Amino acid sequence: MTIEVKDLKYIYSPDMPGETTALDGVSFDVTEPSIIGIIGHTGSGKSTLLQHLNGLIKPTSGEIYIDGECITDEKKNLTDVRRKIGLVFQYPEHQLFEETVAKDVAFGPKNLGLEEEDIDRRVRRALYMVGLDYDEVADVSSFELSGGMKRRAAIAGVIAMEPAILMLDEPMAGLDPQAHRDMLALIKKVQRDMKLIILIVSHNMADVAELSDRVLVMSKGRIIMDDGPHEIFKRYDELSAMGLSVPPAAEIAQKISKKVKGFESNPLSIRELADDIEEFRRTKR
Amino acid sequence: MAYINVEDLVLEFSKYDENGKPLEPKRALDGVSLSIEKGSFTAIVGMNGSGKSTLAKCLNGLLLPTAGTVTVNGMDTKDGGHIWDIRSNIGMVFQNPDNQLVSSIVEDDVAFGPENLGVEPPEIRKRVDEALKKVDMYDHKDKAAHMLSGGQKQRIAIAGAVAMKPSCIVFDEPTAMLDPAGRSKVMDIIEELNKEGITVVLITHFMEEAAEADRILVMQDGRIIGDKTPRELFADEKYIHEAGLELPPVIELRDMLGMDKKILSAEELAANI
Amino acid sequence: MIRDITLGQYYPGGSAVHRLDARTKIIATLVYIAALFVVNNFWGFLIAAASLFTVIAISRVPLKFIFRGLTAVFLIIAFTFIINLFMVDGRVLWEWKFLSITYEGLQRACFMAVRLVLLIIGSSMMTLTTKPIELTDGLEKLLNPLSKIGVPSHEIALMMTIALRFIPTLMEETDKIIKAQQARGADFESGNLLSRAKALIPILIPLFISSFRIAQDLALAMEARCYHGGEGRTRMNQIRFHRGDAAAAVLLIAFLGVIIASRWI
């Protein structure tokens, strides 16, 4: 599965007082199953980009190819597109509506016109993937679940469509620390087991650093950086000039290197920073 | 006597089955006692469902105790005659920035509280302007509330509380739905308000935010399981783990390196390398 | 786009129209709407349109902004036009099978369309030049005499305030829910009427739940801010009649006189 985005432009309410360029020539491609983090200021175009990839918004100009097939084509059947590309919105639990969790998860597969048997298999698998016990939750109303479980059930609803590409918009927003940790683990597991391309939009730099194989930085509707997480978060000054932060580990490393002569570290996690500090102490001795 | 006194507070939510028969009530608070001094900055942390928001709503009488008492400045929240006095003394800012603004236009929303208190119009005008300046939103006073960002809406909500001239403001996860820029701005305002003498009670998931308080209460299953200064709490992380919470990154690093438990900041840590 | 709907929006400004008392504007709008139904010929519409555009010019609200509000209701206007076009008997201008257009029908259709356009522009002028809170305060004051016979004027006004505040929020929420369900393969466009109606369930239920959540949150927030009904409440902005309002009243009476006279032109 590959994604190819070519010079995507999108203008909101053209020729109107509220005219804004949301995407201004976005190009990138993805060829391998991997997790790609997308970061940027609020209003930089991240969510708009995700909605384009899912065919929810038609670009003003430019093309998107999924597996070599152009999805921005006027005649393209969007149900086919959405079969391959799943999109999980921010606070997805707000979209739950069925009487039971199982029925809700089955909503997507049903829209794909699958057989009962196939739907049931997918629902079971999707619930398993997000760490919910089928026998425990299948017949329960989703409104009786805890916040974190609701979110996982909503994600299962998209996973049950068995997409090759999964896009998540702020999947960790508003979760408590425990549910947050669970969600990180879940995303890694889903990517590994289902061999997906995952695009994840987040403001939480620690999460982006921990999850991503590659990071896209967006600003004013453009991709201005596209690199591995180490390389991106090294560019501390450029990011903060844009009003973006770096993972806490990188921020602490910055503060330490200001105080400790000769210390340099470019960590993504606290673990990496601790290793670098120990290494530094050893060499100094 | 302390400004806010909570004694053996128990709060139960009644539950009913499908036929309307009462079930065993759900106990959200299970014997909470604490006192909050005037001008202090208290953070309350805990997992979802630990009872922290319920406790917050008891402080200004939005919820009334099933057992035990809550008094504010000597007034019992159960005494109906004092309820408006209590609420005008204890402002409250909620989590969802969208759902707590009443009026379409920024300044009209800020005026809502003082209007309810029956303040004279010229005085309301003065308070609204001052409050908006305090949260750095004066230039937006004529804007439509729904056009603002989440962080800006939250600042309007804070201005709405400030305009009531409360002596204490309770913040119930005010930054949970904001982006990092919005979060840090809101935290700056909260700290600023506390410096000006307003008592602050901050409920949060974020340990970095709780670390700004004078004192942190750790809640679990409707009880307070820890009541310590940030320095004490972060020196003894068993409370944090027990409550399912997360250590601030610097503390995590300190422990990985096996450094002195007194260390709280990156600078202190650097001095020990 | 949902944001394009201008009805109920406020366009900040300091013009003479903006400064009028909300009550004046509410009454003027009602009189204007009534006048539109008194008019029965070309000249009357010309006078009504000219008066309205004079008011718009004074208010300095950009025309672009006003016409944007019309696009949202274009369908209703077109529908009314077509119905009137084919449904009136008279001198036949054009005929095809069972369809016929008459001179009277064409005239009636044009009048109806113009009437609707002016009505919508006229009422959106009221909301565009009046802060929502002033509008609802004005309404409350106008209804106040009726509170003696049990009309809850304060509650009606508060309900309007909240509705105006949350319409945009709920519209955005609807937009988001529709997109989220579309992303799960929901199809709102094909199938017969029944299956289309059924397709709305995945939108309506989450929207309903959202509304409840908003209502619950808002009720708490209002209580925390000491809301306890209309009694003892004061207002930051006292609405008062000024000289401008007196002038507006004179002009309004003159306008009404001319409009009535226009029937005999």
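Along each chain, residues carry numbers from 1 onward, in the same order as the chain's sequence is written. Whichever chain is written first becomes A and whichever ligand is written first becomes 1, with later ones labelled in order. Note on the predicted model: pLDDT of at least 70 is required for a residue's local features to be given, and 80 or more for side-chain atom pairs to be given and counted; whole-chain, interface and lining totals, by contrast, use all residues. As a convention, hydrogens and water are excluded, and side-chain values are obtained from all of the structure's heavy atoms.

As a further point, take helix α10 (residues 249-256) of chain B. Relative accessibility under 20% of the residue-type maximum defines a buried residue, over 50% an exposed one, and the middle range a partly exposed one, all with a 1.4 Å probe and only protein chains included. In DSSP terms, a helix is any run of H or I states spanning at least four residues, a strand is any run of E spanning at least two, and both are numbered starting from the N terminus. The complete set of buried residues in α10 of chain B reads Pro 249, Val 250, Ile 251, Leu 253 and Arg 254 of chain B. Two residues form a contact once any of their heavy atoms are found within 4.5 Å. Those residues of α10 of chain B that are buried lie in contact with α11 (248-259) and α12 (270-284) of chain A together with α8 (230-235) and α11 (266-271) of chain B. Looking one or two places after α10 of chain B, you find Gly 258 of chain B, whose phi comes out positive at around 65°.

Residue and element names in this part refer to chain A. Each pair of strands is called paired provided DSSP finds at least two bridges between the two strands. Read from one edge to the other, the open sheet built from six strands follows the order β6-β7-β8-β3-β9-β10, with strand pairing classed as mixed. Bordering the open sheet on either side are β6 (85-88) and β10 (222-227), each of which pairs with just one other strand. Across the sheet, the axes of successive neighbouring strands diverge by a mean angle of 20°, strand direction being ignored. Here an axis means a line fitted to C-alpha atoms, over the contact stretch when the element is a helix, while the angle between two N-to-C directions is reported on a 0 to 180 degree scale.

We now examine the pairing of strand β4 (residues 67-72) of chain B. All names here are of chain B. Sheet analysis places strand β1 (residues 4-16) next to β4, joined by five bridges and oriented antiparallel. Along β4, the bridge assignment pairs Ile 4 with Val 72. Pairing between β4 and strand β5 (residues 75-76): two bridges, direction antiparallel. Along β5, the bridge assignment pairs Val 72 with Met 75. The hairpin formed by β4 and β5 contains two residues between the paired strands, and Asn 73 there has a positive phi angle of roughly 50°.

Here we come to the side chain of Glu 115 of chain B. Among the secondary structure elements, Glu 115 of chain B is positioned in helix α3 (residues 106-116). The class of Glu 115 of chain B is buried, set by a relative accessible area of 5%. If we skip the residues at most four places from it in the chain, Glu 115 of chain B touches Ile 124 of chain B together with Gly 232, Arg 233, Thr 234, Arg 235 and Met 236 of chain C.

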